[in-house]
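Structural overview
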Amino acid sequence: MYLLNVVGANLRKVAIEMRRYLPNTISMIVTIYAIFLMFFLGIKFIGNPSSAEANTQYMIVTTVMWFLTLMAMQGIGWEITTEATRGTLEQLYMSPVPAWFILFARMLATILLNLVVYAVILLLIMATSSQWLRFDLLTLLPLFFISILGMIGVGFMVAGLALIFKQIQAFLQIAQFIFLAMVAVPIGLSPYLELVPVVRASSMIREAMTSGVSLFDFGANAWLLLSLNAFVYFSLGLLIYKWAETRAMNLGLLGQY
Amino acid sequence: MSTLIELEAISKIYKKRGGKEKVAAVTDLSFEIARGEIVGLLGPNGAGKTTTIKMICGLIRPDEGHVFVNSFDIVRERQKALRSISAVLEGNRNLYWRMTVQENLEYFAGNRGHSARSVRSEINRLIEQFRLESKRHELVNNLSRGMQQKLAIAVAMLAGTEAVLLDEPTLGLDVETGYEVRELLRAIAQEGRTVIISTHDMPVVQDLCERTVIISSGRVLVDDRVSSLMKLFETKAYSVSLAKPLSQMQVTRLKATFAVLSFADDYKSFTVTLEHDEAIYTLMDILRLERTPVEALDRTSIHFEQVFRQLVNGQVKNHQMRESNHVLA
Ligand SMILES: Nc1ncnc2c1ncn2[C@@H]1O[C@H](COP(=O)(O)OP(=O)(O)OP(=O)(O)O)[C@@H](O)[C@H]1O
Ligand SMILES: [Mg+2]
């Protein structure tokens, strides 16, 4: 129960910030919408008309996944860095609730609330392009749930690095494009992609939303690989974070500025 | 009284990033704090106060030694130990500047696992006690430094822990706010909580603390009751006023012979502690060297500030220190 309260508190914090910085939130929505629109018009007028529909849908889902990954995996890196500099990180570490759980709650809250925002953007885009994606909740909910765990795993890795290396901004700039590649590349391209985080998750979500592949159509193998990948990255992320945390406590880095 | 916090021979050496340079911030530090005690942790800049406090909180791990909080090892059983302590570390830096007063309180309570509803009345009580009502919905960013400091203390209070650690709670506050914070700390102390305050603010120590642990270069220099230290110096403190300034030679002699508390800028008066009754004749002998006329010789009251400076400058004669320990026993 008290862990639920931690999640609740973080949902409230993220919501408060989204509302308080409404101009930021709105400009983010407009930016993403504009990017979609550009892609959409580009595909429609320059691309091959026979594949335009598929391309548009591919692009829509990929972009949503990219922003979601950025939020989850990169956002936490920025937050850790600023909170360590500000001093709030130490205050979080004074809680009897383990800090990793608080961070988990923060990432979860960020992802969930952003999903709501993206749903709004998606509706706008679908209305504009009259390309209606499929929303089979029975398939999408478990897909998102498992994918989010994997994303949070990577988020923990970034957070761990941020604890130790205060100058990870440069790394994060480059990571944006690595994340884009991860969400854009189809899983079928190479078996080695199973080892990369988020690739399978993104591919499956895309298939579900564009081609209407359902929960049962994917087959047990796909679900197993997806879960295994998410589980491994979540555990690995947590392990790396805990290691970084110990190191930061040894070096006195939690509150350094 | 049972022990709540126990430091067992802790040491911390920082390695400067990039370089090979090492800083021994804390060396073989041991002391205990009993339940309900109000302790002032003092020491000159860089003495290792902040490092010590953060090691008690488990935010920094000691290289050697152990810290026990409520008999839980802060490193090995951190989560259990943290149920008994909260901290105000960098004061105003420990808050979310983009959230309001109430939101900060709710968020930190939430991260301890409390629902907003369950802490509502306690938050209201604290907001009232800390006189933050008018700022309840104000962003922390827009508060004065003193208000921010009060909120940071309120956040620690909301945790409801047995012990509170405060690192420089009055740093950077104007006299009035400093006084207000001091009164709040007094109220907290009277609630029966254990309070550890690291500070340079001597009136805070003189007013609030029962005991002081003075550290210097990461080691315990003095660990004694504030009243004993005050008494020790007070009974022997004299102020001497002269009709003409002391000569350089007299100043040197005085410094060599006595624990001189302070000289006036014009060297026409000074305060001195006399270790035994006979010492007054030695003092007179030094004044006689230049036939310096004495205008007045009085017992004087001293401030803890002077005691502290004496102790840190190491000008206290060894037997005085022994005597001080005797007073404690
Ligand atoms: N993270 C760190 N890395 C390297 N050296 C550090 C670090 N933190 C503190 N130090 C050094 O350790 C020593 C003790 O510092 P500390 O902050 O504990 O002292 P302090 O008593 O709190 O001083 P002040 O009164 O200035 O606050 C100082 O020499 C300081 O420069
Ligand atoms: Mg300090």
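Scoring rules and cut-offs
- Once a new chain begins, its residue numbering starts again from 1 and follows that chain's sequence as written.
- Each chain takes a letter, starting from A, and each ligand takes a number, starting from 1, following the order in which they are written.
- Owing to the predicted nature of the model, reporting of local features is limited to residues with pLDDT of at least 70; listing and counting of side-chain atom pairs is limited to 80 or more, with chain, interface and lining totals taken over all residues.
- Excluding hydrogens and water, the side-chain values take into account all heavy atoms of the structure.
- In this text, helices come from DSSP runs of H or I with a minimum length of four residues, and strands from runs of E with a minimum of two, each type numbered from the N-terminal end.
- Exposure categories follow from relative accessible area, calculated using a 1.4 Å probe and restricted to protein chains: below 20% of the type maximum is buried, above 50% is exposed, and the middle band is partly exposed.
- Contact between two residues is taken to exist if any of their heavy atoms lie within 4.5 Å; hydrogens are not considered.
- What sets the accessible areas is the Shrake-Rupley method with a 1.4 Å probe; for residues, cover comes only from the shown protein chains.
- Positive charge is attributed to Lys and Arg, negative charge to Asp and Glu, and no charge count is given to His or to the chain ends.
- By convention, the charge on Lys lies at NZ, on Arg at CZ, on Asp at CG and on Glu at CD.
- One less than the residue count of a helix, multiplied by 1.5 Å, gives the span that helix is expected to have.
- Two strands pair if DSSP finds at least two bridges between them.
- To define axes, lines are fitted to C-alpha atoms, for helices over the stretch in contact only, and angles between the resulting N-to-C directions are given on a 0 to 180 degree scale.
- The labels follow the angle: roughly parallel below 35 degrees, roughly antiparallel above 145, roughly perpendicular from 65 to 115, and oblique for the rest.
- Each residue is assigned to one class: nonpolar for Ala, Val, Leu, Ile, Met, Phe, Trp, Tyr, Cys and Pro, charged for Asp, Glu, Lys and Arg, and polar for all the others, Gly among them.
- By convention, a crossover is right-handed whenever its connection, traced from the first strand over the helix to the second and viewed with the strands pointing away, goes clockwise.
- Here a residue is considered near a molecule or strand provided that any single heavy atom belonging to it is located within 4 Å of it.
- As used in this structure description, the phrase polar contact means that two N or O atoms lie within 3.5 Å; if the pair is within protein, one of them must be able to donate a hydrogen and the other to accept it, and residues adjacent in sequence are counted only when both atoms belong to side chains.
- The salt bridge criterion pairs a side-chain nitrogen of Lys or Arg with a carboxyl oxygen of Asp or Glu, the two atoms within 4 Å.
- For any helix crossing, the convention is left-handed if the near helix is rotated counterclockwise from the far helix by under a right angle, and right-handed if that rotation is clockwise.
- Within a predicted model, pLDDT stands for the predictor's per-residue confidence, ranging from 0 to 100.

What to know about the overall build of chain B
Scanning chain B from N- to C-terminus turns up twelve helices and 14 strands. Burial status across chain B gives 53% buried among its 329 residues. A fraction of 70% describes how many contacts in chain B between residues 6 or more apart in sequence connect residues 24 or more apart. With the model as given, the accessible surface of chain B reaches about 14,700 Å², and the carbon-plus-sulfur share is 46%. Of the side-chain charges in chain B, 43 are positive and 42 negative, and the distance between the mean point of each set is 5 Å.

Things to note about helix 5 (residues 145-158) of chain B
Given 3.6 residues per turn, any residue in an α-helix points the same way as the ones three and four places further on. Residue and element names in this part refer to chain B. The first and last C-alpha atoms of helix 5 sit 20 Å apart over 14 residues, in line with the 20 Å expected at 1.5 Å per residue. The buried fraction of helix 5 is high, at 13 of 14 residues. One or two steps after helix 5, the chain reaches Gly160, where phi turns positive at roughly 65 degrees.

With respect to the pairing of strand 11 (residues 237-242) of chain B
Residues and elements named next belong to chain B. Where strand 11 and strand 13 (residues 269-273) come together, five bridges link them in antiparallel fashion. When the bridges of strand 13 are listed, Ala237 appears paired with Thr273. Note: strand 11 against strand 14 (residues 294-299), five bridges, orientation antiparallel. Within strand 14, the position partnered with Ser241 by the bridge is Ala296.

Notes on the sheet that holds strand 3 (residues 38-42) of chain B
All names here are of chain B. On the basis of which strands lie adjacent, the open sheet formed by six strands has the order 6-7-8-3-9-10 and mixed pairing. Here the strands that pair on one side only, and so sit at the sheet edges, are strand 6 (85-88) and strand 10 (219-225). When strand polarity is set aside, the average angle formed by the axes of neighbouring strands in this sheet is 15 degrees. Where strand 3 lies against strand 9 (residues 211-216), four bridges are found, and the strand directions are parallel. Across the sheet, the residue bridging to Leu42 is Ile214, located in strand 9. This element, helix 1 (residues 49-56), spans strand 3, strand 6, strand 7 (163-167), strand 8 (194-198) and strand 9 of the sheet and lies at about 150 degrees to strand 7. Against the sheet, helix 5 touches strand 6 and strand 7, its axis set at about 175 degrees to strand 6.

Points about the packing of helix 1 (residues 2-20) of chain A against helix 2 (residues 22-45) of chain A
Residues and elements named next belong to chain A. Close contact between helix 1 and helix 2 brings their axes to 4 Å; oriented N to C, the two are set at 85 degrees. It follows from the interaxial angle that helix 1 and helix 2 lie roughly perpendicular. Seen from helix 1, the contacting residues are Met18, Arg19 and Arg20; seen from helix 2, they are Leu22, Pro23 and Thr25. Partitioned by chemical class, the residues of the contact of helix 1 with helix 2 number three nonpolar, one polar and two charged.

Here's the deal with the pairing of strand 8 of chain B
Residue and element names in this part refer to chain B. In terms of residue burial, strand 8 counts as a mostly covered element, since five of its five residues are buried. Burial along strand 8 is two-sided: Thr194, Ile196 and Ser198 facing one way and Val195 and Ile197 facing the other are all buried. In this sheet, strand 8 lies alongside strand 7 in parallel orientation, the contact comprising five bridges. Looking at the pairing, Leu166 lines up with Ile197 of strand 8. Handedness of the crossover is the feature at issue here: the chain leaves strand 7, passes through helix 6 (residues 175-190), returns alongside strand 8, and the resulting connection is right-handed.

Here's the deal with the site of ligand 1
Not every one of the 17 residues close to ligand 1 is listed here, only the nearest: Gly46, Gly48, Lys49, Thr50 and Thr51 of chain B. Residue neighbours of ligand 1 fall on chains A and B, so the site bridges chains. With respect to ligand 1, the side chain of Asn45 of chain B contributes an N or O atom lying 3.0 Å from an oxygen atom. Considering ligand 1 on its own, with 630 Å² of exposed area, one finds that the protein chains cover 72% of that surface. Breaking the shell around ligand 1 down by element, the ones donating at least two residues are strand 2 (22-34) and helix 1 of chain B. At three residues, helix 1 of chain B tops the list of elements feeding residues into the shell around ligand 1.

Comments concerning the pattern of salt bridges
The tally for this structure, following the rule as stated, stands at 20 salt bridges over all chains. The residue Arg106 of chain A makes a salt bridge to Glu83 of chain A at a minimum N-O spacing of 2.9 Å. With Arg106 of chain A in helix 5 (residues 99-129) and Glu83 of chain A in helix 3 (residues 52-86), the pair connects residues that are 23 residues apart, well separated along the chain. Note on accessibility: Arg106 of chain A and Glu83 of chain A belong to one class, buried. Residues Arg193 of chain B and Glu191 of chain B are paired through a salt bridge, measuring 3.1 Å at the closest nitrogen-oxygen approach. By relative accessible area, which is 10% here, Arg193 of chain B ends up buried. Through salt bridges with shared partners, a single network forms among Arg182, Glu183, Arg186 and Asp207 of chain B.

As for the environment of Thr292 of chain B
Residues and elements named next belong to chain B. With respect to the helices and strands, the residue Thr292 is situated in the loop between helix 10 (279-288) and strand 14. Between the C-alpha atom of Thr292 and that of Ser247, which follows or precedes it by 45 residues, the distance is 9.2 Å. Within the structure, Thr292 has its side chain in polar contact with the side chain of Gln250 (distance 3.0 Å).

Considerations on the packing of helix 2 of chain A against helix 5 of chain A
All names here are of chain A. Interhelical geometry of helix 2 versus helix 5 gives an angle of 35 degrees and a closest axis separation of 10 Å. Remark: the crossing between helix 2 and helix 5 carries right-handed chirality. Contacts between helix 2 and helix 5 involve Met28, Ile29, Ile32, Tyr33, Phe36, Leu37 and Phe40 on the former and, on the latter, Asn114, Val117, Tyr118, Ile121, Leu124, Ile125, Thr128 and Ser129. Here the residues of the contact of helix 2 with helix 5 sort into twelve nonpolar, three polar and no charged.

As for the confidence of the model for chain B
Residue and element names in this part refer to chain B. For chain B, per-residue confidence averages 87 on the pLDDT scale, and residues scoring 70 or more make up 92% of the total. Under a pLDDT of 50 for its full length, residues 315-329 has, in the predicted model, 28 contacts with residues more than four places off or in other chains. Under the prediction, the complex receives an ipTM of 0.89, its pTM being 0.85.

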